[in-house]
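Summary of the model geometry
The primary structure of each chain is shown beneath.
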Amino acid sequence: MSHTASCRLTIQDHSILDTWLHTSVDPDDPLADLLRKKLAAASIWSNEDIAPTIVTLDSRISYRIDGGPADIRIISLKEAYGPVGFVLPATSLRGLALIGLDEGESFDLMLNGKIRSLSVVEVHYQPEAANREARHLSAVRPRPARPHLRLVHSADITFRSPANDHDDPGPSAA
């Protein structure tokens, strides 16, 4: 397995992948080898500074294998996150290989006995960029004024219940 692109990880993604390597992956599994290489080569970025075109955990991306048709998936550690074909697990070689790549970058990976080139076509959604945008919008957008109650109709009618139309004063007379 060799890669042709650099790897950029958020602090959180680096921590998650490092914990996963040391707690859940068999050391002889090809995933462990790829994880070690990714973590060793990674540059670490804050959520505020990572470019919106970098694949991070929970990003929705388009990618190609060997220049084939593009496939859109969410890179997630939660394998049961959505319908079949909606998620590309980060726990798979393909998913892990794509994490940390920028749009237009590729990663050469041994899949089924063949070296395949995975390339990122586009990052459609990145949670870090979406969070930055939401914070920016809330800081820029003025808060709407609280609505004031306004009387729209007034009536000088005394309401009488039909049940009390007789002379019985009721329990309150006692």
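Further up the page is the structure itself.
A brief structural summary. (Residues numbered from 1 in each chain as written. Predicted model: local features only at pLDDT ≥ 70, side-chain atom pairs only at ≥ 80, totals over all residues. Heavy atoms only, no water.)

**Observations regarding the nonpolar core**
So the rule is basically this: Nonpolar core, defined: a set of buried Ala, Val, Leu, Ile, Met, Phe, Trp, Tyr and Cys residues in which side-chain atoms within 4.5 Å join the residues together. Categorising residues by exposure relies on relative accessible area from a 1.4 Å probe, with only protein chains included: less than 20% of the type maximum marks a residue as buried, more than 50% marks it as exposed, and the intermediate range marks it as partly exposed. By the criteria applied, helices consist of DSSP H or I runs no shorter than four residues and strands consist of E runs no shorter than two, each listed in order from the N terminus. In what follows, residue pairs with any heavy atoms lying within 4.5 Å of each other are defined as contacts.
Core analysis: the biggest nonpolar cluster contains 30 residues, and Leu 17, Ile 75, Leu 96, Leu 98 and Ile 99 have the highest contact counts within it. For this core, the leading source of residues is helix H2 (residues 30-41), giving five residues. When residues no more than four places from it in sequence are discounted, the contact partners of Ile 99 are Cys 7, Leu 9, Leu 17, Lys 38, Val 55, Leu 57, Ile 75 and Ala 90.

**Section: the pattern of salt bridges**
Formally: By definition here, a salt bridge exists when the distance from a side-chain nitrogen of Lys or Arg to a carboxyl oxygen of Asp or Glu is within 4 Å.
Summed over all chains, the structure comprises five salt bridges. In this structure, Asp 66 engages Arg 116 in a salt bridge whose closest nitrogen and oxygen atoms are separated by 2.4 Å. You can see Asp 66 sitting in the loop between strand E4 (60-65) and strand E5 (71-76) and its partner Arg 116 sitting in strand E8 (residues 114-125), a full 50 residues away along the chain. Relative accessible area serves as the criterion here: at 24%, Arg 116 is assigned to the partly exposed category.

**Details of unusual backbone geometry**
The phi dihedral of Asp 66 is positive, around 50 degrees, even though this residue is not glycine. Residue Asn 112 is not a glycine yet carries a positive backbone phi of 50 degrees. Structurally, Asn 112 can be placed in the loop between strand E7 (106-111) and E8.

**Thoughts on H2**
Since the α-helix turns once every 3.6 residues, residues separated by three or four places project in the same direction. Convention followed: The span one expects for a helix is its residue count, reduced by one, times 1.5 Å. Starting at the helix axis, one direction is taken to each C-beta atom, and the arc is that of these directions. Any pair of nitrogen or oxygen atoms within 3.5 Å is treated as a polar contact; in protein, a donor-acceptor pairing is required on top of that, and neighbouring residues in sequence qualify only through side-chain atoms on both sides.
The end-to-end C-alpha distance of H2, which contains 12 residues, comes to 17 Å, matching closely the 16 Å that a straight helix rising 1.5 Å per residue would cover. Inspection of H2 places Leu 31, Ala 32, Leu 34, Leu 35, Lys 38 and Leu 39 among the buried residues, and these make up the whole buried set. Down the axis of H2, the sector holding all buried residues measures 165 degrees, keeping them to one side. Lining the buried residues of H2 we find strand E2 (7-10), helix H1 (11-23), strand E3 (42-45), helix H3 (93-98) and E7. The backbone nitrogen of Leu 31 lies 2.8 Å from a side-chain oxygen of the residue at the head of H2, namely Asp 29.

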